[in-house]
Amino acid sequence: MIKTDICVIGAGSAGLSIAAGAVQMGADTVLVESGRMGGDCLNYGCVPSKALLTAGKAARHWKKAKDFGVDYQTPQIDFQAVHDHVKGVIADIEPHDSVERFEELGVRVVQAKGEFLDPKTLKVGEETVQARRFIISTGSRAMVPPIKGIDRVSYLTNESVFDLTDLPKKLIVVGGGPIGCELGQAFHNLGSQVTIVEMATIMPKDDTDLVEVVRSRLQADGLAIMENTKVLSASQNTNGIVLRVEEDGVEKELKGSHLLLAAGRAPNVENLNLEAAGIDYERQGIVVDKRLRTSNKKIYAAGDVTGGYQFTHMAAYDAGIIIRNALFRLPAKVSYNAVPWVTYTDPELAQVGLSENDATKTGQEYRVLTWAYADNDRARAERRTEGKVKVIVSKKGKILGASIVGLQAGELILPWCLALSKGLKIGDVANVIAPYPTLSEVSKRVAGSYYTESLFSDRVKMIVRFLSKFG
Ligand SMILES: Cc1cc2nc3c(=O)[nH]c(=O)nc-3n(C[C@H](O)[C@H](O)[C@H](O)COP(=O)(O)OP(=O)(O)OC[C@H]3O[C@@H](n4cnc5c(N)ncnc54)[C@H](O)[C@@H]3O)c2cc1C
Ligand SMILES: NC(=O)c1ccc[n+]([C@@H]2O[C@H](COP(=O)([O-])OP(=O)(O)OC[C@H]3O[C@@H](n4cnc5c(N)ncnc54)[C@H](O)[C@@H]3O)[C@@H](O)[C@H]2O)c1
């Protein structure tokens, strides 16, 4: 029997942050992992997907280079080498999340599946662990949608897609959320013929006017997007996958060499025997309060398994809240006023705080400020004028949210994250001196637009004329 202060179950983004924080603050810490250290983000999520997107962008670059007077030959894609590049990036980051590093920090790492025996005891392989506080951070996996015949076809998920060593000829992606759009575009850029099938509209969590910028680009590039489309059944023959779908009431057949499921996530709750520990959970995940405590107050849950905002940075945020609660017994609570996310399509779409869509539901008065990339000199020089920034402000100019769609939107969102977390007003951003010519100027210009009406009003003109009379 291992007795410890803290036992973390799952060594993904949430679990690693908690274990590293706890041990370095003096807590006796055990970390239990049944799969690969680093979890989804390192092995099957953020890292490989961004590495693949980079390969896709490199493959696509030649098409745009002509606009600048540079003519490349059509590139040859060596997909085995693309695969090796993706795995190489994982290998490069892996040591940071490794058993060796965590053991050096002083964490006791147990590589086996954790399963509760009672509210205070976890079975881990042949061992049992009793801890003052347990933290469940077992993450999520690809949800397999209830499509007739899906269990009889071979499909890819985020766990298998990065193992491909041959480029899919015809890739059908079910689901047009961030995974579907990012990976769909990456494979398209590398030469696959891609169709995204979405039952609603793509990227449904973002404002429709911003999503339209991404959609237009994907479609203009030749990626097929079927929205409001129901998948009726799936089957497989010697030529590949056949999906029967219904689009606008019309049944169609879609044929592909490969099928990727990107239709949302299911929490990893099944193998934990949560009932034995008195932990409530629902379809979306483990139920937690604002302090991230489960229905068993000595057990916390963090990251994807709670079904909240499923991002690596939010898993790390959860870790901070849990450290304060479990180690320092402080009643720290989560606050979701300034949650950012970025979808790394090209163009990227970044969001923090209130979206316009959310704002319409709050009942409060607000103003929407926008500034187009087309009015930014750097975007013109780069010939990337599609996109805009949109900011939601209160009547008194308090920043409530910001969204950016366009080149490097993910890099441009940080000042707005800071503005929200510090409760800044729009004037604070308007008064910044932004270097010229940068894309960042879109943020200064959108903030400045808050004052345009009052600054160039008849009243101001009158005051200026009046003052000029005094010499
Ligand atoms: C394709 C893809 C791209 C993504 N891109 C981004 C991105 O760009 N930016 C971003 O912020 N987020 C991204 N995400 C989301 C991000 O990966 C997750 O939000 C994050 O990994 C969640 O961390 P976690 O610690 O909750 O879970 P995970 O990282 O999934 O870790 C959970 C760990 O628990 C282990 N485990 C499960 N059950 C048990 C058990 N019973 N006993 C012991 N161990 C167990 C698992 O093996 C796993 O290692 C992406 C996700 C995917 C799938
Ligand atoms: N850049 C990022 O930060 C990033 C990238 C990838 C994933 N993630 C995280 O991972 C989560 C999961 O991503 P995801 O894209 O799988 O899920 P998602 O829930 O965000 O999107 C899934 C999409 O699939 C559609 N869908 C569901 N069932 C379907 C069906 N039967 N037929 C057709 N369409 C169907 C939904 O309408 C939805 O639009 C994201 O919500 C996000 O939190 C983040």
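Residues numbered from 1 in each chain as written. Chains lettered and ligands numbered in written order. Predicted model: local features only at pLDDT ≥ 70, side-chain atom pairs only at ≥ 80, totals over all residues. Heavy atoms only, no water.

Participant: When you look at a nonpolar patch on the surface in this model, what are you seeing that I'm missing?
Facilitator: Where nonpolar side chains cluster on the molecular surface, the patch consists of Ile-463, Phe-466, Leu-467 and Phe-470 and spans about 440 Å² of accessible area. Position of Ile-463 relative to the elements: it lies in helix α15 (residues 458–468). (Patch = residues over 30% accessible without salt bridge, like charges linked within 9 Å, V, L, I, M, F, W, Y side chains within 5 Å. Areas by Shrake-Rupley, 256 points an atom, 1.4 Å probe, with all protein chains shown as cover. Salt bridge = Lys/Arg side-chain N within 4 Å of Asp/Glu carboxyl O. Helix = DSSP H or I, 4+ residues; strand = E, 2+ residues; numbered from the N terminus.)

Participant: Please clarify how the confidence of the model for the chain should be interpreted in this entry.
Facilitator: Predicted coordinates in areas of low pLDDT are best not read in detail. Confidence in the prediction of the chain, expressed as mean pLDDT, is 96, and 100% of residues score 70 or more. Both confidence scores are given for the complex: pTM 0.96, ipTM 0.98. (pLDDT = per-residue confidence, 0-100.)

Participant: How should I be thinking about the domain arrangement of the chain in this particular structure?
Facilitator: How big an interface is tends to be stated in terms of accessible area lost as the parts join. The domain boundaries assigned to the chain delineate domain 1 (2–142 + 266–326), domain 2 (150–199 + 225–265) and domain 3 (340–455). Summarising the inter-unit geometry, the C-alpha centres of domain 1 and domain 2 are found 26 Å apart. Counting from both sides, the interface comprises 26 residues of domain 1 and, opposite them, 17 residues of domain 2. At the boundary of domain 1 with domain 2, total buried surface from both sides reaches about 2,000 Å², with 63% on carbon and sulfur atoms. Where domain 1 packs against domain 2, one counts three salt bridges. In this structure, Arg-265 engages Asp-40 in a salt bridge whose closest nitrogen and oxygen atoms are separated by 2.5 Å. Taken together, the connections running from domain 1 to domain 2 amount to five residue pairs in polar contact (both at pLDDT 80 or more). Counting residues per element, the ones that place at least two in the side of domain 1 that touches domain 2 are α3 (46–65), α4 (79–93), β7 (140–142) and β15 (265–267). Here the element with the most residues in the side of domain 1 that touches domain 2 is α3; it accounts for 10 residues. Residue composition of the side of domain 1 that touches domain 2, grouped by class: 13 nonpolar, seven polar and six charged. (Domains from an automatic or database assignment. Contact = heavy atoms within 4.5 Å. Buried area = accessible area lost by both parts, 1.4 Å probe. Polar contact = N/O pair within 3.5 Å; in protein donor to acceptor, adjacent residues only side chain to side chain. Nonpolar A, V, L, I, M, F, W, Y, C, P; charged D, E, K, R; others polar.)

Participant: In this structure, what is going on with the site of ligand 1? I would like to understand it.
Facilitator: By nearness alone, 36 residues border ligand 1, and Ala-14, Glu-33, Lys-50, Asp-304 and Thr-312 come closest of all. Within the side chain of Lys-50, a nitrogen or oxygen atom sits 2.7 Å from an oxygen atom of ligand 1. Between ligand 1 and the protein, one listed contact pairs an oxygen atom with a backbone N or O atom of Thr-312 at 2.9 Å. A total of 1,000 Å² of accessible area belongs to ligand 1 in isolation, and the protein chains cover 90% of it. (Near = heavy atom within 4 Å.)

Participant: Which parts of the structure should I look at to understand unusual backbone geometry?
Facilitator: Of note, the bond from Asp-346 into Pro-347 is cis; its omega dihedral lies within 30 degrees of zero at 5°. Tracing the chain through its elements places Pro-347 in the loop between β17 (340–343) and β18 (348–353). Note that the residue after Tyr-436, namely Pro-437, is joined by a cis bond; omega there is -10°. One non-glycine residue, Asp-248, lies in positive phi territory at about 50°. One can find Asp-248 in the loop between β12 (240–247) and β13 (250–256).

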